[in-house]
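Each chain, letter by letter, is given below.
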Amino acid sequence: MIGNVAFREIFDVAADAMFILDQDGLILEVNQIAYEQLGYTKAEMVGRAIADFVPPPLAAATRDRLANVRKHGYLIFESAMVRKDGSVLPLEIGNKVIEHADGNSYYGVARDISERKRLDQALKESEARFRTLSEDAPEAIVIHDLDTGKFIDATTSAERLFACERDEILQHGPEYFFAPDQPEGTPSIASIQERGQRILAGEQMKFERLIRNGKGQDIFCEVRLVRLPSANANLIRASYLDITERKMAADKIEHLAFYDSLTDLPNRRLMLDRLDQALIASNRSAKFGVLMILDLDNFKAINDTKGHDVGDRLLIEVAHRIVSSVRPEDTVSRLGGDEYVVLVEALGPDETLAASRAEMIAENIRIALTQPYVLYRGEQAQHSTSSIGVTLFRGNELAIDILLKQADMALYQAKGAGRNTIRFFNPAMQAVIESRSRMEAALRNGLQNGEFQLHYQPKVDQEGRTNGAEALLRWMSADQGQVSPVNFIPLAENTGIIIPLGLWVMQTACAQLKAWSESPGTCDLQISINVSARQFHEANFVGQVFDSLKQSGANPKLLKLELTESVVLEDVEDAITRMQQIKALGVTFSLDDFGTGFSSLSYLKRLPLDEVKIDQSFVRDVTSDANDAAIVRAIIAMSRSLGIQVIAEGVETEEQLHFLKENGCMNFQGYLFGKPMPIEELNRLL
Ligand code: C2E
Ligand code: CA
Ligand code: CA
């Protein structure tokens, strides 16, 4: 215990004001600093109530507080006292109660906290100043706490940008506001933490980010991240500046640089770039591509007589028509004036086929452009035609300007040939195309002039009895003599003639079934017809089968449709649906040329097939080639297990027949039993 004297000395030299009060709050003792701070003498204070020195609003609280001190023994609180000159002195007071035999008294130690109060106030003001500064700033500013991953502060401009109340913003972190589809090159969300660490290490960052705000609007922002100094938290200050408009302007400028302002087609510059890419790609894939230059035949006349306004509208409409004549991945560009360039890639590795595809595309465009143009509502239609120069390319051996020159020369030829025409640069190609289009015209005429016939090849059972026939098309061309289906079926497919031609085959076969049904000797005979891909996938194919049966009165059970694997594979689901619809009519299906395709047995199971036809290439060598023999055995075994009939085609020798019978094949077709023959001949045989 410190003696009384020692206590006195401490009491007087203490840096803080000290009071001793009796139990009623009357001052018993004050130290020097206490009365000096308040501007009184000691005598002026001792004996008076402490409450007299407290600002009146706090006086009542002071009495309550003494009661509290009594209750708890000790209390620290903030309060204030009034100086003699009336000014207020903010204090932090520690009070303790001392128990005596004759009652209680209180010790009070009061520390001047006016400096602290001043600093607090200054800080508040500075914060408020900063706030007004940031409120007006164009950027939205948020403070991101890396430890919690959430924002801990946000400016009013952040509320505006994010279209969210501050409270809601503070419930989330930055990723909450990321738009789901970020433009290429924006840092990924996964690296937020890593990025945070780099910023804490002192790095500053600036990048673009697409924000989706509370209203669902996407806003392009320039984001800047910088470390926010803090003693015990990892804070990042992020500012978001809306740059959507700037961005759109930049996009627009870029668009102008690469697109024609009238038609919005790629301009020459972009076309050259695409052509460059196309040559590289073609070099890699070894596939042909085609470059076409197209020029309107009478544009100058229309422009001069009808005015530029009409001319412009025509150019726009031409652009639309070209674009809708090609696939979306093809490039259509306008070089200027009435010249357009079309670039089509990936036409396959076969030159003749690529040429005929190119010609078909050019022809589609040419025809589209000959349709009448109504450029102003209610105006009389304008007519226009175009000439098209075409050149094929493969690889990148020829320079771009040489290719353009070739197409241009071909265009010149087309103009020379009387306009509204297509010309190939390569004369050999041109010859191929011409003979092809002659043949196409001949096919169309042939169909009208009745130049097609069906020949029938007998199909036999194990006893060699004819149980049906396959109908095979024959073209007795007026100027080419008999043309093999191998030569004209692909062309008929390409040109779409197969649709009316195939329908004619079906109707003719049905009529034959009906004729056979009249006599007991032939009424059970089946007819198989070949159905090609284009025909099968035609929207109305099912309807055509139905109508052919109905109109002829043929028994659907005797009609069999032969499909190849490629026909089915083009769209397996659609094929299955169609087959089921047709089967519902009673018609049966055979899978032609089986074994040559790529079909897996697993999908074969899913097809509603009645028969598979072993391809003649396997039958040919079945007695000499062990591989072919194995394949034939496998096909027969598999078909049996699936409950599907098997027929072998191309059976020419007794040895082949013997092998097939040995291995369980029950149906045959081939020269051994009869070649395809006119119906009269077959009827004589039956
Ligand atoms: P395919 O359907 O595989 O027809 C079988 C072909 O093999 C027929 O040729 C037939 O004459 C021939 N052939 C029959 N037996 C033998 C034989 O023992 N040995 C040999 N070496 N060949 C035999 P064709 O008539 O020239 O028909 C060729 C292809 O033309 C047919 O192949 C078929 O894919 C197509 N085709 C024929 N007619 C039509 C038709 O009406 N519509 C469609 N879409 N395609 C048809
Ligand atoms: Ca066939
Ligand atoms: Ca076949």
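Residues numbered from 1 in each chain as written. Chains lettered and ligands numbered in written order. Predicted model: local features only at pLDDT ≥ 70, side-chain atom pairs only at ≥ 80, totals over all residues. Heavy atoms only, no water.

Caption draft 1: Molecular detail of the sheet that holds strand β2 (residues 27–30). Strand order in this open sheet of 5 strands is β2-β1-β5-β4-β3, and the pairing throughout is antiparallel. Strand pairing shows two members of the sheet lacking a second neighbour, β2 and β3 (74–82), which therefore form its edges. Mean inter-strand twist for the sheet, computed between neighbouring axes without regard to direction, equals 30°. Sheet topology places strand β1 (residues 17–22) next to strand β5 (residues 103–112); 6 bridges connect them, and they run antiparallel. What sits directly across from Ala-17, in β5, is Ala-110. (Pairing = 2+ DSSP bridges. Helix = DSSP H or I, 4+ residues; strand = E, 2+ residues; numbered from the N terminus. Axes fitted to C-alpha atoms, helices over the stretch in contact; angles between N-to-C directions.)

Caption draft 2: A look at the coordination of the calcium ion (ligand 3). The calcium ion (ligand 3) binds to the protein through Asp-592 (OD), Asp-593 (OD), Glu-649 (OE) and Glu-649 (OE), with metal-donor distances spanning 2.2 to 2.7 Å. Read in sequence order, the donor residues coordinating the calcium ion (ligand 3) give the pattern D-D-x55-E. Separating the calcium ion (ligand 3) from the calcium ion (ligand 2) is a distance of 3.9 Å, and Asp-592 supplies a donor atom to each of them. A relative accessible area of 25% places Asp-593 in the partly exposed class. (Donors = N, O, S within 2.8 Å, 3.2 Å for Na, K, Ca; no water. Buried < 20%, exposed > 50% of the residue type's maximum accessible area, 1.4 Å probe, protein only.)

Caption draft 3: Geometry of the sheet that holds strand β12 (residues 331–336). Taken in spatial order, the 5 strands of this open sheet run β12-β13-β11-β14-β15, and their pairing is mixed. What marks the edges here is a single partner per strand, and that holds for β12 and β15 (422–424). Neighbour-to-neighbour, the strand axes of this sheet turn through a mean angle of 20°, independent of strand direction. Bridge count for strand β14 (residues 386–393) against β15 is 3 bridges, and the pairing is parallel.

Caption draft 4: Structural detail: the site of ligand 1. As a structural note, the neighbourhood of ligand 1 is formed by 21 residues, with Gln-457, Arg-474, Gln-616, Glu-652 and Tyr-671 the closest of them. Take Arg-474: an N or O atom from its side chain is 2.9 Å from an oxygen atom of ligand 1. A distance of 3.0 Å separates an oxygen atom of ligand 1 from a polar side-chain atom of Asn-530. With the chains in place, 82% of the 790 Å² that ligand 1 exposes on its own is no longer accessible. Of all the secondary structure elements, the ones that give two or more residues to the shell around ligand 1 are β17 (466–477), α16 (485–495) and β21 (588–594). With 4 residues, β17 is the single largest residue contributor to the shell around ligand 1. Its residues placed into classes, the shell around ligand 1 shows 9 nonpolar, 6 polar and 6 charged. (Near = heavy atom within 4 Å. Polar contact = N/O pair within 3.5 Å; in protein donor to acceptor, adjacent residues only side chain to side chain. Areas by Shrake-Rupley, 256 points an atom, 1.4 Å probe, with all protein chains shown as cover. Nonpolar A, V, L, I, M, F, W, Y, C, P; charged D, E, K, R; others polar.)

Caption draft 5: Representation of the nonpolar core in the model. Phe-488, Ile-529, Leu-561 and Leu-609 are the most contacted members of the largest nonpolar core, which totals 77 residues. With 9 residues, helix α17 (residues 498–517) is the largest single contributor of residues to this core. Among the nonpolar cores identified, the runner-up in size contains 36 residues, and Leu-294, Leu-296, Ala-319 and Ile-388 belong to it. (Core = buried A, V, L, I, M, F, W, Y, C linked by side-chain atoms within 4.5 Å.)

Caption draft 6: A look at unusual backbone geometry. One non-glycine residue, Ala-163, adopts positive backbone phi at about 50°. Structurally, Ala-163 is set in the loop between α6 (156–162) and α7 (166–169). For Ala-163, a relative accessible area of 25% translates into the label partly exposed. Even without glycine at this site, Ala-346 takes up a positive phi of about 55°. Take Ala-346: it is sitting in the loop between β13 (339–344) and α13 (351–370).

Caption draft 7: Geometry of the pairing of β17. Among the 12 residues that make up β17, 9 are buried, leaving the element largely enclosed by the rest of the structure. For strand β16 (residues 452–460) and β17, the ladder comprises 9 bridges, and the chain directions are antiparallel. From the neighbouring strand, Gln-457 faces β17, where its bridge partner is Glu-470. If you look at the hairpin formed by β16 and β17, you'll find 5 residues sitting between the two strands, and Gly-464 has a positive phi there, around 85°. With 3 bridges joining them, β17 and strand β19 (residues 526–530) adopt parallel strand pairing. Its bridge partner being in β19, Ala-469 is matched across the sheet by Ile-527. Sheet topology note: the β17/strand β18 (residues 481–483) ladder contains 3 bridges and is antiparallel. Across the sheet, Met-476 pairs through a bridge with Gln-482, a residue of β18. The hairpin formed by β17 and β18 contains 3 residues between the paired strands.

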